[in-house]
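Observations on the model geometry
Listed below, chain by chain, are the residues.
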Amino acid sequence: MNWIILIIAGLFETGFATCLGKAQETEGRESLYWWLGFGSCLFISMFLMYKSISGENAIPIGTAYAVWTGIGAVGGVLAGIFIFSEPATFWRIFFVITLIASVVGLKAVSS
């Protein structure tokens, strides 16, 4: 269950990074809504991260942090490509794939 919580926390990390980017692109009331989304996603992400590293069957902090930031990094790159029209070059995709492989590898070797 802690792994599912950690994955959800990573998705919310992607959410807060995306909201931050959109908040900087917009003005007025729309910007305020993006800032509220940023704060909400930030709080939820941190809370779920805490839940995944504490209690019964806790994930070791080093592994959890690497997975959490890995999910956020991959999500951030994908959000950049699909939402912010950033380039999807060969090397960006190559390194995102190696990052995903690393996160899967950490999960595989965790006890």
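Scope of this entry: the structure provided in the associated data block. (Residues numbered from 1 in each chain as written. Predicted model: local features only at pLDDT ≥ 70, side-chain atom pairs only at ≥ 80, totals over all residues. Heavy atoms only, no water.)

Structural notes on the packing of helix H1 (residues 2-25) against helix H3 (residues 61-82)
For the pair H1 and H3, the least separation of the axes is 8 Å and the interaxial angle reads 40°. Taken as axis vectors, H1 and H3 run oblique relative to one another. Both H1 and H3 take part in a crossing whose hand is right-handed. Note on element contacts: H3 touches H1 through Thr63, Ala64, Val67, Trp68, Thr69, Ile71, Gly72, Gly75, Gly76 and Ala79, opposite Trp3, Leu6, Ile7, Ala9, Gly10, Leu11, Glu13, Thr14 and Thr18. Split into classes, the residues belonging to the contact of H1 with H3 amount to 10 nonpolar, eight polar and one charged. (Axes fitted to C-alpha atoms, helices over the stretch in contact; angles between N-to-C directions. Helix = DSSP H or I, 4+ residues; strand = E, 2+ residues; numbered from the N terminus. Parallel < 35°, antiparallel > 145°, perpendicular 65-115°, else oblique. Left-handed = near helix turned anticlockwise from the far one by under 90°. Contact = heavy atoms within 4.5 Å. Nonpolar A, V, L, I, M, F, W, Y, C, P; charged D, E, K, R; others polar.)

Here we look at the packing of H3 against helix H4 (residues 90-109)
Two numbers describe how H3 lies on H4: the axes approach to 10 Å, and their chain directions differ by 155°. With respect to each other, H3 and H4 are oriented roughly antiparallel. Relative to H4, the crossing made by H3 is left-handed. Along its contact with H3, which presents Thr63, Ala66, Val67, Gly70, Ala73, Val74, Val77 and Ile81, the element H4 presents Arg92, Ile93, Val96, Leu99, Ile100, Val103 and Leu106. Among the residues forming the contact of H3 with H4, the class breakdown is 12 nonpolar, two polar and one charged.

So, the side chain of Ser52
Its location among the elements puts Ser52 in helix H2 (residues 28-52). Look at Ser52 and you get buried, because its relative accessible area is 0%. Ignoring anything within four residues of it in the chain, the contact list for Ser52 reads Asn2, Ile5, Leu6, Ala58 and Ile59. (Buried < 20%, exposed > 50% of the residue type's maximum accessible area, 1.4 Å probe, protein only.)

Considerations on a nonpolar patch on the surface
A cluster of nonpolar side chains, namely Phe43, Ile44, Phe47 and Tyr50, defines an oily patch on the protein surface of about 440 Å² accessible area. Within the element layout of this structure, Phe47 appears in helix H2. (Patch = residues over 30% accessible without salt bridge, like charges linked within 9 Å, V, L, I, M, F, W, Y side chains within 5 Å. Areas by Shrake-Rupley, 256 points an atom, 1.4 Å probe, with all protein chains shown as cover. Salt bridge = Lys/Arg side-chain N within 4 Å of Asp/Glu carboxyl O.)

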